[in-house]
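# Observations on the model geometry
Letter by letter, the chains look like this.
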Amino acid sequence: MVLSIFENHLLGILALLVLGSIALLHYLLFREYIRQDRIQVRRLREMEGLVQTEIKRSQGLSNQVGELSQIKEKTQEQLEMIKLQVEAVKKGSET
């Protein structure tokens, strides 16, 4: 009889230990999930910052390419004018 009462209490204690362990594991799991979520959010913010930096850099390069194209066009026009002037001087010196 004493053994029966002891076994009943032992089973109750074991059940409480199992439930407590499951609760503890769930707590640890959710805590790790929250930690990983924070890390992921921080990584996404850093990545967004890098993307914004790259966009600004690309826009700057695009602007420089546009300016260089304009300089090239102006230089080409000036070269054409110089060629025409040289041809006119050659024709003027032949006559």
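Each value, and the rule that gives it
- Residues numbered from 1 in each chain as written.
- Predicted model: local features only at pLDDT ≥ 70, side-chain atom pairs only at ≥ 80, totals over all residues.
- Heavy atoms only, no water.
- Helix = DSSP H or I, 4+ residues; strand = E, 2+ residues; numbered from the N terminus.
- Rg over C-alpha atoms; globule rule 2.2 N^0.38 Å.
- Buried < 20%, exposed > 50% of the residue type's maximum accessible area, 1.4 Å probe, protein only.
- Areas by Shrake-Rupley, 256 points an atom, 1.4 Å probe, with all protein chains shown as cover.
- Lys, Arg positive; Asp, Glu negative; His and termini not counted.
- Charge placed at Lys NZ, Arg CZ, Asp CG, Glu CD.
- Salt bridge = Lys/Arg side-chain N within 4 Å of Asp/Glu carboxyl O.

### Some points on the overall build of the protein
- Along the protein, the regular secondary structure elements total one helix and zero strands.
- For 95 residues, the compact-globule estimate of 2.2 N^0.38 gives 12 Å, and the protein exceeds it by more than 25% at 41 Å.
- For the protein, the spread of C-alpha atoms along the three principal axes comes to 140 × 15 × 5 Å.
- Classification of the 95 residues of the protein by burial places 1% in the buried group.
- When the accessible surface of the protein is summed, it comes to about 9,200 Å², and 65% of that surface belongs to carbon and sulfur atoms.
- Across the protein, the mean location of the 13 positive side-chain charges is 4 Å away from that of the 12 negative side-chain charges.

### Observations regarding the pattern of salt bridges
- Overall, the coordinates contain three salt bridges when judged by the stated rule.
- Arg-35 is the salt-bridge partner of Glu-32, the closest N and O atoms lying 2.8 Å from each other. In this pair, Glu-32 and Arg-35 are both assigned in helix 1 (residues 2–94), three residues apart and thus about one turn of the helix distant.
- Of the residues examined, Glu-32 reaches a relative accessible area of 33% and is grouped as partly exposed.
- Since its relative accessible area comes to 42%, Arg-35 is described here as partly exposed.
- A salt bridge links Arg-57 to Glu-54, with the shortest nitrogen-to-oxygen separation between them at 2.5 Å. Residue Arg-57 and its partner Glu-54 are located together in helix 1, separated by three residues, close to a single helical turn.
- By relative accessible area, Arg-57 is classed as partly exposed at 46%.

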